[in-house]
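Below are the chains, spelled out letter by letter.
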Amino acid sequence: MKRAAFYYRAAVVEAGTEGIYRIWADMITNCISDCTVNVETDVFFDANVSGLTNMTERKGFNQLLKQLDAEKYDVVITNNFCRLSRNMNIFMDMLSEIFSRGCEIRFIEEGVGFNNMEQFIRYMYLMR
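Predicted model only: the values in this text are computed from it and were never measured. (Residues numbered from 1 in each chain as written. Predicted model: local features only at pLDDT ≥ 70, side-chain atom pairs only at ≥ 80, totals over all residues. Heavy atoms only, no water.)

Caption draft 1: Region of the structure containing the overall build of the chain. If you tally the helices and strands in the chain, you get five helices and six strands. Going residue by residue from the N terminus, the α and β elements of the chain occur as β-α-β-β-α-β-α-α-β-β-α. Out of the 128 residues belonging to the chain, those deemed buried represent 45%. The long-range fraction of contacts in the chain, counting pairs at least 24 apart against all pairs at least 6 apart in sequence, stands at 68%. Here the chain displays about 7100 Å² of accessible surface, and carbon together with sulfur accounts for 50% of that area. (Helix = DSSP H or I, 4+ residues; strand = E, 2+ residues; numbered from the N terminus. Buried < 20%, exposed > 50% of the residue type's maximum accessible area, 1.4 Å probe, protein only. Contact = heavy atoms within 4.5 Å. Areas by Shrake-Rupley, 256 points an atom, 1.4 Å probe, with all protein chains shown as cover.)

Caption draft 2: Here's a closer look at unusual backbone geometry. At Glu71, a residue that is not glycine, the phi angle is positive and equals roughly 60°. Relative to the helices and strands, Glu71 is located in the loop between helix 2 (59-69) and strand 4 (75-78).

Caption draft 3: Fine view of the packing of aromatic side chains. Scanning the model with the defined rule gives 11 aromatic pairs in all. Measuring from centroid to centroid gives 6.0 Å for Phe81 and Phe120, while their planes differ by 85°, and the two rings are edge-to-face. Placement of the pair is Phe81 in helix 3 (residues 81-84) and Phe120 in helix 5 (residues 117-127), with a sequence separation of 39 residues. On the basis of an interplanar angle of 90° and a centroid distance of 5.3 Å, the ring pair of Phe114 and Phe120 is categorised as edge-to-face. (Phe/Tyr/Trp six-rings, centres within 6.5 Å; stacked < 30°, edge-to-face > 60°.)

Caption draft 4: Looking closely at the nonpolar core. Formed by 25 residues in total, the largest nonpolar core has its most connected members in Leu64, Ile105, Phe107 and Phe114. If you list the elements that add at least two residues to this core, you get strand 1 (2-10), helix 2, helix 3, helix 4 (88-100), strand 5 (104-107), strand 6 (112-114) and helix 5. Look past the residues within four positions of Phe114 in its chain and what remains in contact with it is Phe81, Phe99, Glu104, Ile105, Phe107, Gln119, Phe120 and Tyr123. With 10 residues, the next largest nonpolar core counts Ala10, Ile32, Val43 and Phe45 among its residues. (Core = buried A, V, L, I, M, F, W, Y, C linked by side-chain atoms within 4.5 Å.)

Caption draft 5: Representation of the pattern of salt bridges within the structure. Summed over all chains, the structure comprises six salt bridges. Here Asp69 makes a salt bridge to Arg101, at a shortest N to O gap of 2.6 Å. In this pair, Asp69 is assigned in helix 2 and Arg101 in the loop between helix 4 and strand 5, connecting sequence segments 32 residues apart. The class of Arg101 is partly exposed, set by a relative accessible area of 25%. (Salt bridge = Lys/Arg side-chain N within 4 Å of Asp/Glu carboxyl O.)

So, in structure tokens, the structure goes:
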């Protein structure tokens, strides 16, 4: 069984709504039979990050990277491409950070997962 972390980027989150993302993560990850996710500890998210042009202010993502460095997870799960980032440069940097740690990423809405940048680029080429 693979150990999974859930990451979500929210444009705006009001105080006290973190629990909504944990419930949502729980519903999504229950559909993934080959992974285990503890929604109390394995959910990482960044709120109010619209317009950021670097990753240093994404505290949730940086916490996730620290956990990946500690080899706590095998898979990062997120809802869709834009929940990772809407800025293509940052999106590619985030993918690169995940892949460099030997981790897989899965996008639920798109129904795809990637183990490396080559797979992702091939997918994007075929989808054009």
